[in-house]
Amino acid sequence: MIALVDCNNFYVSCQRVFEPRLNGQPVVVLSNNDGCLIARSDEAKALGFKMGEPYHLARPALQQHGVRVFSSNYALYGDMSRRVLRVLGDWVPEVDVYSIDEAFLNLDGTQFLRRGQSLSQYGSDIRAAVLQHVGIPTCVGVAPTKTLAKLANRLTNRRTGHNVVTLETDAQRQAALAATPIEQVWGIGRRYGKKLLEMGLVTAADLTAMPEGWVRRHLGGVVGVRLWQELHGQPCLDFDPAALEDEERPARRHSVAHTRSFGRPQRDPAVLGEAVASFVARAAEKLRRHGLSAQVLTVLLGTDRQAPQPHTFTAVATLPAATHDTGELTRAALERLRRLLRPGTAYHRAGVMLSGLEPMGQTQLGLFTQTPEQLQRSQQLMTRLDALNQRFGQSTVRYAAAGLQEQKWEGRHNFRSPAYTTDWQNLWQVCA
DNA sequence: TCTGGGGTCCTAGGACCC
DNA sequence: TCTGGGGTCCTAGGACCC
């Protein structure tokens, strides 16, 4: 059996841990750039605020209702997420981290269940432990597959205190499928939801009643078939406990990216170059934090996403050998950027993606491009760079290519809360 | 003036190579 | 006059997730 532990309204919960008077109050958290609403407390949802709503349109109503507004604070949320995972790791050996606020637990092997204890009681105990040690409320769904565990989790109800739902028997599974609108099944998005409704399928049970061949034809081929089998109780999605992110076990991720919308559109190649160099630095830091090197680098430039014909331009560089050296990656990125730039075009966002990842240690020397001495020097330099920036703040030490004009391209973050748990300057003050 | 960012998987056409 | 097939790389796009 698989349990899905979901920290609902996670970002709001994180803010509330450090400001308990926000409990019971409407709270929203904004995306990067203070662009749109990405997290809402139950009270804010009840007032009608929608996920993804543009902030500048919602602002009058937010003010009118006295809703507390926060810019997103990923340093805080990431740290709180690790605390939650640590507690979960105390309960089960296999934790598959799905996102910053959700994790699957492998409950197979009844040695994890005390004699005579029900799955439902076990779920409640885990929930209580996370709440006690981290202060974050969660909901737990338990079922034979990931997709069914998600479905079970959706059937929890915080208002009634029904925080754990288990699907252990076929009758329970059937009832849950019948109670789930088709467009709320994990893996059915806006497009397929609309299409299936038009075809007369209303609940998840309607979908499982269709033949496999029909699903293959109408639901994206192999992807749809996997979803259908998962709903039937046959696991098709890997359970990947190595995804637990810590230094000893690097995540089995396939890419690392850093992309940003600009505060205002940019045309100047020099400014775009500095922005891309800054993004390379962020992405490379993330790479090193996970103990990885990358052999493939993609530079991306985007035009206005709201325009009738938005476009994303990409250019790929395959490096002679995998690397985590900011300098090497920056050179490759700027060279590709030059090829990508079209004079006069206004770009609204840019980014860097690193792929072809492998663990740092097993990096091969580039044939004719690197000596062992060069590799060692690069590694020492990166270690010191990260240590200095960790201690004195991001970008304290940077490559010249990243420039000093970030005010030209950086977005807004007007309501940022302190990084309470990760920055000595921002320790929680009990007395104001 | 103001609409996020970071991921996953799958598909497909064109260029190029053998 | 005949006019393959398999492979890789690049680019783009579609769908989904949180």
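Residues numbered from 1 in each chain as written. Chains lettered and ligands numbered in written order. Predicted model: local features only at pLDDT ≥ 70, side-chain atom pairs only at ≥ 80, totals over all residues. Heavy atoms only, no water.

(A) Quick look at the protein's contact with DNA strand B. As a matter of local geometry, DNA strand B sits amid 24 residues, with Arg253, Ser255, Ala257, Thr259 and Ser261 nearest to it. Protein-adjacent atoms of DNA strand B, using a 4 Å cutoff, are sugar or phosphate at a proportion of 75%. Take histidine 254: an N or O atom from its main chain is 2.8 Å from a phosphate oxygen of DNA strand B. Taken together, the elements giving at least two residues each to the surface near DNA strand B come down to helix H3 (55-64), helix H11 (222-231) and strand S9 (255-266). If one sorts the elements of the surface near DNA strand B by residue count, S9 sits on top with seven residues. Within the surface near DNA strand B, the residues separate by chemical class into seven nonpolar, 10 polar and seven charged. (Near = heavy atom within 4 Å. Polar contact = N/O pair within 3.5 Å; in protein donor to acceptor, adjacent residues only side chain to side chain. Helix = DSSP H or I, 4+ residues; strand = E, 2+ residues; numbered from the N terminus. Nonpolar A, V, L, I, M, F, W, Y, C, P; charged D, E, K, R; others polar.)

(B) Looking closely at the sheet that holds strand S10 (residues 292-302). A sheet is described by the order of its strands in space; here four strands give the open sequence S9-S12-S10-S11, paired in antiparallel fashion. In this open sheet, the two edge strands, each paired with only one partner strand, are S9 and strand S11 (312-323). Looking at each pair of strands side by side, their axes are set apart by 15 degrees on average, direction ignored. Helix H12 (residues 269-289) contacts S9, S10, S11 and strand S12 (347-359) of the sheet and is inclined by roughly 155 degrees relative to S9. Contacting S10, S11 and S12, helix H13 (residues 326-340) crosses the sheet at an angle of about 150 degrees to S11. (Pairing = 2+ DSSP bridges. Axes fitted to C-alpha atoms, helices over the stretch in contact; angles between N-to-C directions. Contact = heavy atoms within 4.5 Å.)

(C) Structural detail: the nonpolar core. In terms of nonpolar packing, the biggest core is built from 38 residues, with Phe10, Met80, Leu88, Val95, Leu105, Leu107 and Ile136 touching the most fellow members. The set of elements that each furnish at least two residues to this core consists of strand S1 (2-6), helix H1 (10-18), strand S2 (27-30), helix H4 (74-91), strand S5 (95-99), strand S6 (102-106), helix H5 (119-134) and strand S7 (139-143). Per-element accounting of this core gives the leading share, seven residues, to H4. Two domains each provide a minimum of three residues to this core, namely domain 1 (9-72) and domain 2 (76-232). Among all residues touching leucine 88, those that are not within four sequence positions of it are Val5, Val95, Ala103, Leu105, Ile126 and Val130. (Core = buried A, V, L, I, M, F, W, Y, C linked by side-chain atoms within 4.5 Å. Buried < 20%, exposed > 50% of the residue type's maximum accessible area, 1.4 Å probe, protein only. Domains from an automatic or database assignment.)

(D) The domain arrangement of chain A, seen in detail. Taken domain by domain, chain A holds domain 1 (9-72), domain 2 (76-232) and domain 3 (255-402). For domain 1 versus domain 3, the separation of C-alpha centres amounts to 33 Å.

(E) Inspection of the sheet that holds strand S3 (residues 37-40) at higher detail. Within the open sheet, the three strands sit side by side as S3-S2-S4. Their pairing is mixed. Both edges of this open sheet fall to S3 and strand S4 (68-71), since each of them pairs with a single strand only. Going from strand to strand, the sheet's axes swing by 25 degrees on average, the running direction of each strand aside. Note: S2 against S3, three bridges, orientation antiparallel. When the bridges of S3 are listed, valine 28 appears paired with arginine 40.

(F) Local environment of unusual backbone geometry. Despite not being glycine, asparagine 9 shows a phi value in the positive range, around 50 degrees. Checked against the element boundaries, asparagine 9 lands in the loop between S1 and H1. A positive phi angle, close to 70 degrees, is found at asparagine 33, a residue other than glycine. Inspection of the secondary structure puts asparagine 33 in the loop between S2 and S3.

(G) Representation of the environment of glutamate 274 in the model. Topologically, glutamate 274 is positioned in helix H12. Between the alpha carbons of glutamate 274 and glutamine 405 there is a distance of 7.7 Å; along the sequence they are 131 residues apart. Once residues within four sequence positions are removed from consideration, glutamate 274 is found in contact with Ala401, Ala402, Gly403, Leu404 and Gln405.

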